[in-house]
Amino acid sequence: MAKASSKKSAAKSSKPKSVAKSARKSTAKPPAKKAASAVKSGKWVYSFGDGRAEGKAGMKDLLGGKGANLAEMANLGLPVPPGFTIPTSVCTYFYANGKTYPKQLKAQVEKALDLVGKIAGKTFGDSKNPLLVSVRSGGRASMPGMMDTVLNLGMNDKTVEALAKLSGDRRFAYDSYRRFITMYSDVVLGFEHHHFEDILDTYKDSKGYSLDTELSADDWVTLVGKYKDAVARETGKEFPQDPHAQLWGAIGAVFSSWMNARAVTYRRLHDIPESWGTAVNIQSMVFGNMGETSATGVAFTRNPSTGEKRLYGEYLINAQGEDVVAGIRTPQDITEYARKESGSEKASMESAMPAAYKELTRIYTQLEKHYRDMQDMEFTVEQGKLWMLQTRNGKRTAKASLRIAVELANEGLISKKDAVARIDPASLDQLLHPTIDPVAKRDVIATGLPASPGAAAGEIVFSSDEATKLQADGRKVILVRIETSPEDIHGMHVAEGILTTRGGMTSHAAVVARGMGKPCVSGCGTVRVDYGRGLMTVGNRTFKAGDVITIDGSIGQVLAGRMPMIEPELSGDFNTLMGWADQVRKLKVRTNADTPADARTALKFGTEGIGLCRTEHMFFEETRIRTVREMILAEDEQTRRAALAKLLPMQRADFVDLFEIMKGLPVTIRLLDPPLHEFLPHTQAEIEEVARAMNADPRRLADRARELAEFNPMLGFRGCRLAIAYPEIAEMQARAIFEAAVEAGKRTGKPVGLEVMVPLIATKMEFDLVKAGIDSAAQAVFKETGAKLAYQTGTMIELPRACLLAGEIAQTAEFFSFGTNDLTQTTYGISRDDAASFLGTYVARGIIEIDPFVAVDREGVGELVKIGVQRGRKVRPGLKMGICGEHGGDPASVAFCHEIGLDYVSCSPYRVPIARLAAAQAALGKVAASQA
């Protein structure tokens, strides 16, 4: 029941030889694998219906999710309209062979059509008792609204009269015909949907109509004529009357839509390989628009926003599928409970169609038990009889995912390990964003449907292109649309949240926003949007593009201005599932924390220590930066030590706070690492300020700043090189660390789990020189305080040479932490600060699969890490090893760390839960693989 979108592929050929080029071209590479094996099998069509099928749920890769589940429902004996699936292997053949089809396909399709006709008691193309079909896409991964659908195919000037006679309802027949002309022209002929909407609106205005339901049979007859005239005028050809030509045009359009721009974008955003291809499902039509005893709807076996175990969904009486998801009409609630909750006066399905509702309840209960997961179902009621058109594992929010997984496990449908494996670690981000402060005064300007939970604030934008432009400039935006379409995917991706004036809880905006974890308010009917003038009006209040609003997707409110937010609290289902995850994971999860606030946040999210404390971040505070500049610009050791003496108590106080907060958990403190240019004064005013503090000549300081400037500072005077050239810097930091550790140990009564880390080494001698200074400072502090403290000194492995010489370095280093951010830079020879200008092109052209700064490059950077692990532990068995940087919070990178036997990962505080869950799934995957 996916919406037929507005800008589609053109496929004008009527024969299964080739297909016209897509109306919207993409430069992405199409699927071109698997074709050889598919040719050998010779089977290109899989039928289903009448209680049996040639496919099953496990054939998702071949039949796509929709086709596999239609086959499964048929095998279960559920009421599924008969049909057949053209598998993904034809799609790969199609793109591998110049958009042509296998020779056997036409005969197999005709044979399958005959079988569908026999089951349905109709004949495709017959002028007296015609079989009408739907043609829908169906990849192995759900891509809602991204690809093309055609309903009522097989209609022409003769079959429409036959349908009118058979149904006894001429209005229904011509309504169905005009829908077919609109969808087929849009999808196959490239004549877009809005042209037909313009014709319809003009006609309704001339007649004084406001609703489509006011049009009579004769009105639809007239409009069908106007539609066909418009097609002929635009395309130069009459609207096709041959049902077989229609069918092959639609099949070609669906395959072509696999490579349309919005589908390519969606796959990129959701990491869906282009090589998978799509299947095409051809199915006997059942009609929800045959009067008051017919309907169409979408339902979830549990609430996809909250996870509540209660049937959830919407339906429309006397409508076809696209009416529900397109937001053209406001849907009605399925259950009485939901109707009362929403305050709707429109009849629920439970009260209006009790027999069909009872059958739906029986079926959804059976499907959830069979699939052992929440199901997203599409159905049609034709003259009182319920037909199932689709079932699939439903998309849901992270909050709902947790609740559903925990409750399914508690109900005994799945195991605890299954529950852990089912949650996408990255989706936990949805739970970690601010919500509106409940004590804040709300200036509510409108209320719509709570389509996707969470809150967001930003500037109003009315187009996806403008949203993308402003986001690139660092501005936060709320995308405001009458309704979204698949063409808005790029704008929705960059927006903080989405507001639509039309559409229900299962509209395009709602489904896509939930999948992205974006707040969304849909169906906000009191809001009027004027795209031309760039205005949003609510009653007597007007908001223009650039004005700031806040949306609360949890309760459906739109508020004026930017509302104060609060941090989320994680408990209940989250804590239950994370507890199950912690029971199975092997990797420890630490955090990157430089401040007490970071450390407290990470503890709340379950960190097991600090894996990276970047001491330089403590220097950037306004009260300290001047002293740091004094130290850097000093021309002799005495002046430098004077500045360091001012910094020592500041550093010590910072470390005491961190040690106290962590209460004995390991804390890895990295010595000063960044290039000195990051601290240098840049303006004349800054230079004069430092000069006054140092009682120095500003001109001499300016000359000194120029001396320290570097052409390539990321590969320059930084890391251990600073500690070797200016040992007094490392000496001050080491003294601050050990003095703080002693003091914190006394305060808490627990020994500090101290690890001191030397950055950016390339040789063992560099490490040994710095380590000697650290050990000397430790002994001096211990002698002065009479305290003893266990500690380890290790290094960041972030240069290829250090990986290769890991065995030699491990002779004296007591732990390794792989700094994969710098290791990626130095392996690829690219700067992460500058790479954005071309890495996107590299991904788009298939040179690399993913940005190597997002996920560890296993073949290059990963291979160097593996070498470092193997050579380091060969010399020092049991050498503690971890990874720090944002790779430590990327699920794919966490899995890699598990596979190569690291002890821990370290990531930013808000990614700690993601890393915990990813580590558990990696452990479960390893067990499953070894048992397979």
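Position numbers for residues count from 1 along each chain, tracking the sequence in the order it is written. In view of the model being predicted, local features appear only for residues whose pLDDT reaches at least 70, and side-chain atom pairs are presented and counted only at 80 or more, with totals across whole chains, interfaces and linings using the full set of residues. Hydrogens and water molecules were not included; the side-chain quantities draw on all heavy atoms of the structure.

Notes on the overall build of the protein
- Each helix and strand counted, the protein has 35 helices and 34 strands in total.
- It is over C-alpha atoms that the radius of gyration is taken, and the globule rule equals 2.2 Å times the number of residues to the power 0.38. Computed over the C-alpha atoms, the radius of gyration of the protein is 32 Å, within 12% of the 30 Å expected from 2.2 N^0.38 for a compact globule of 932 residues.
- Here the C-alpha coordinates of the protein stretch approximately 100 × 65 × 50 Å along the principal axes.
- By the convention used here, residues are in contact when the closest approach between their heavy atoms is within 4.5 Å. Counting only contacts in the protein whose residues sit at least 6 apart along the sequence, the fraction spanning at least 24 positions is 69%.
- Surface accessibility follows the Shrake-Rupley procedure with a 1.4 Å probe radius. Residue values consider only the protein chains on display as shielding. Accessible area for the protein stands at about 37,700 Å²; split by element, carbon and sulfur atoms hold 50% of it. What counts as a helix is a DSSP run of H or I of at least four residues, what counts as a strand is a run of E of at least two, and both are numbered from the N terminus.

Considering the side chain of Ser257
- Take Ser257: it is sitting in helix 9 (residues 243–257).
- Polar contacts, as used here, are pairs of N or O atoms within 3.5 Å; protein pairs need one atom able to donate a hydrogen and one able to accept it. Residues neighboring in sequence count only if both atoms are side-chain atoms. Of the polar contacts made by the side chain of Ser257, one reaches the backbone oxygen of Val254; its length is 2.6 Å.

Side note on helix 27 (residues 727–748)
- Helix span, as expected, comes to 1.5 Å for every residue beyond the first. For helix 27, built from 22 residues, the straight-helix expectation of 32 Å at 1.5 Å per residue is met to within 8% by its first-to-last C-alpha distance of 31 Å.
- Within helix 27, 16 of the 22 residues are buried, which leaves it mostly tucked inside the rest of the structure.
- Among the residues trailing helix 27, Gly749 stands out with phi positive, at a value near 75 degrees. Throughout, exposure labels follow a simple rule: accessible area from a 1.4 Å probe, protein chains only, divided by the maximum for the residue type, with under 20% read as buried, over 50% as exposed, and the rest as partly exposed.

Side note on the pairing of strand 34 (residues 904–907)
- Residue alternation in strand 34 divides its side chains into two sets, Tyr904 and Ser906 and Val905 and Cys907, and both sets are buried.
- Pairing geometry for strand 27 (residues 588–592) and strand 34, over 4 bridges, is parallel. Its bridge partner lying in strand 34, Thr591 is registered against Cys907.
- As paired elements, strand 33 (residues 880–884) and strand 34 share 2 bridges and run parallel to each other. From the neighbouring strand, Ile883 faces strand 34, where its bridge partner is Val905.
- Crossover handedness is defined by viewing with both strands directed away from the observer: a clockwise path from the first strand over the helix to the second marks the crossover as right-handed. Handedness of the crossover joining strand 33 and strand 34 through helix 34 (residues 891–899): right-handed. Strands were regarded as paired on the criterion that DSSP finds at least two bridges between them.

So, the pattern of salt bridges
- Salt-bridge detection follows one rule: a side-chain nitrogen of Lys or Arg within 4 Å of a carboxyl oxygen of Asp or Glu. This model, assessed by the stated rule, comprises 55 salt bridges.
- With a closest N to O distance of 3.4 Å, Glu54 and Lys43 form a salt bridge. Of the two residues, Glu54 is situated in the loop between strand 2 (52–53) and helix 2 (60–75) and Lys43 in the loop between helix 1 (35–41) and strand 1 (46–49); the sequence distance between them amounts to 11 residues.
- With relative accessibility at 44%, the residue Glu54 sits in the partly exposed group.
- Where Arg718 meets Asp673, a salt bridge forms, and the shortest distance between an N and an O atom there is 2.8 Å. Note that Arg718 is positioned in the loop between helix 25 (698–708) and helix 26 (720–725) and Asp673 in the loop between strand 29 (666–670) and helix 24 (684–694), a separation of 45 residues in sequence. Each member of the pair, Arg718 as well as Asp673, is classed as buried.
- Through salt bridges with shared partners, a single network forms among Arg302, Lys309, Glu368, Arg403, Glu407 and Glu411.

Some details on unusual backbone geometry
- Of note, the phi angle at Asp50 is positive, near 60 degrees, even though the residue is not glycine.
- Of note, the phi angle at Leu760 is positive, near 55 degrees, even though the residue is not glycine.
- Along the chain, Leu760 falls in the loop between strand 30 (753–758) and helix 28 (764–785).

Describing the sheet that holds strand 32 (residues 815–819)
- Strands sit in the order 27-28-29-30-31-32-33-34 around a closed barrel of 8 strands; the barrel is parallel. Mean inter-strand twist for the sheet, computed between neighbouring axes without regard to direction, equals 25 degrees.
- Both strand 31 (residues 791–797) and strand 32 contribute to a ladder of 3 bridges, which runs parallel. When the bridges of strand 32 are listed, Thr795 appears paired with Phe816. Every axis in this analysis is a line fitted to C-alpha atoms, fitted for helices over the stretch in contact. Angles between the N-to-C directions lie between 0 and 180 degrees.

As for the packing of aromatic side chains
- Ring geometry is summarised as follows: Phe, Tyr and Trp rings, the Trp one being its six-membered ring, pair when their centres sit within 6.5 Å, and such pairs are stacked at plane angles under 30 degrees, edge-to-face over 60 and tilted between the two. The full count for this structure, using the stated rule, is 21 aromatic pairs.
- When the ring of Phe172 is compared with that of Phe287, the centres are 5.1 Å apart and the planes differ by 85 degrees; the resulting orientation is edge-to-face. Here Phe172, found in helix 6 (residues 170–189), pairs with Phe287, found in the loop between strand 8 (278–284) and strand 9 (295–300); they are 115 residues apart in sequence, far enough to count as distant.
- With relative accessibility at 1%, the residue Phe172 sits in the buried group.
- Cation placement over rings: the criterion is NZ of Lys or CZ of Arg within 6 Å of the ring centroid and within 35° of the ring normal. We note Arg310 situated over the ring of Tyr337; from NZ or CZ to the ring centre the distance is 3.6 Å.
- Directly above the ring of Tyr904 sits Arg590, whose terminal nitrogen or CZ lies 4.0 Å from the centroid.

Description of the nonpolar core
- Phe659, Phe738, Leu754, Phe816 and Phe818 are the most contacted members of the largest nonpolar core, which has 130 residues in total.
- Considering every element that reaches this core, the biggest residue donor is helix 27, with 11 residues.
- Leaving out residues up to four positions away in the same chain, Leu754 has contacts with Phe659, Val667, Ile669, Ile737, Phe738, Ala741, Leu789, Ala790, Tyr791 and Gln792.
- The set of buried Ala, Val, Leu, Ile, Met, Phe, Trp, Tyr and Cys residues whose side-chain atoms join them within 4.5 Å is what this entry labels a nonpolar core. Ile86, Met155, Ala263 and Val461 belong to the second largest nonpolar core, which has 90 residues in total.

Observations concerning the environment of Phe48
- With respect to the element layout, Phe48 can be found in strand 1.
- On the basis of relative accessible area, Phe48 is assigned to the buried category, the value being 3%.
- Along the chain, Phe48 and Arg442 lie 394 residues apart, while their C-alpha atoms are 54 Å from each other.
- Beyond its immediate sequence surroundings of up to four residues, Phe48 is in contact with Ala53, Leu70, Ala71, Ala74, Val80, Pro81, Pro82, Gly83, Phe84, Thr85, Ile282 and Gln283.

Quick notes on a nonpolar patch on the surface
- A cluster of nonpolar residues, Ile724, Met765 and Leu769, forms a patch on the protein surface that exposes about 310 Å² of accessible area.
- Within the secondary structure, Ile724 is located in helix 26.
- With relative accessibility at 35%, the residue Ile724 sits in the partly exposed group. Think of a patch as exposed residues, more than 30% relative accessible area, with no salt bridge, where like charges cluster within 9 Å and nonpolar side chains (Val, Leu, Ile, Met, Phe, Trp, Tyr) cluster within 5 Å.

Details of the packing of helix 15 (residues 398–410) against helix 20 (residues 573–584)
- Contact geometry of helix 15 with helix 20 gives a least axis separation of 9 Å together with a crossing angle of 65 degrees. The hand of the helix 15/helix 20 crossing is left-handed. The residues of helix 20 that touch helix 15, namely those facing Leu402, Arg403, Ala405, Val406, Ala409 and Asn410, are Asp573, Phe574, Thr576, Leu577 and Trp580. Left-handed describes a crossing in which the near helix is turned anticlockwise from the far one by less than a right angle; the clockwise case is right-handed.

Side note on helix 9
- The first and last C-alpha atoms of helix 9 sit 21 Å apart over 15 residues, in line with the 21 Å expected at 1.5 Å per residue.
- Counted residue by residue, helix 9 has 14 buried out of 15 residues, so it is predominantly covered.
- N-cap assignment for helix 9: the residue whose side-chain oxygen lies 3.0 Å from the backbone N of His244 is Asp242.

Here's the deal with the packing of helix 24 against helix 25
- Their axes nearest at 9 Å, the elements helix 24 and helix 25 cross at an angle of 115 degrees. The two elements helix 24 and helix 25 cross, and the hand of that crossing is right-handed. Of helix 25, the residues touching helix 24 (which contributes Ile687, Glu688, Val690, Ala691 and Met694) are Pro698, Leu701 and Ala702.

With respect to the sheet that holds strand 9
- Strand order across the open sheet formed by 5 strands is 11-10-9-12-13, with antiparallel pairing between neighbours. Each edge of the open sheet is held by one strand with a lone partner, namely strand 11 (332–333) and strand 13 (385–393).
- Two elements, strand 9 and strand 10 (residues 312–317), share 6 bridges in a ladder whose sense is antiparallel. Across the sheet, the residue bridging to Ala295 is Ile317, located in strand 10.
- Relative to strand 13, helix 14 (residues 354–371) is tilted by about 25 degrees, and along the sheet it contacts strand 12 (375–382) and strand 13.

Overview of the confidence of the model for the protein
- Per residue, pLDDT measures the predictor's confidence, with a range of 0 to 100. The pLDDT averaged across the protein works out to 88; a share of 91% of its residues lies at or above 70.
- Taken together, the stretch residues 1–28 has pLDDT below 50 and engages in 103 contacts with residues farther than four places along the chain or on a different chain.
- Contacts for the low-pLDDT stretch residues 32–38, under 50 throughout, to residues beyond four places or in other chains number 14 contacts.

Comments concerning the environment of Leu413
- Along the polypeptide, Leu413 turns up in the loop between helix 15 and helix 16 (416–422).
- Through-space distance from the C-alpha of Leu413 to that of Tyr364 is 15 Å; in sequence the pair is 49 residues apart.

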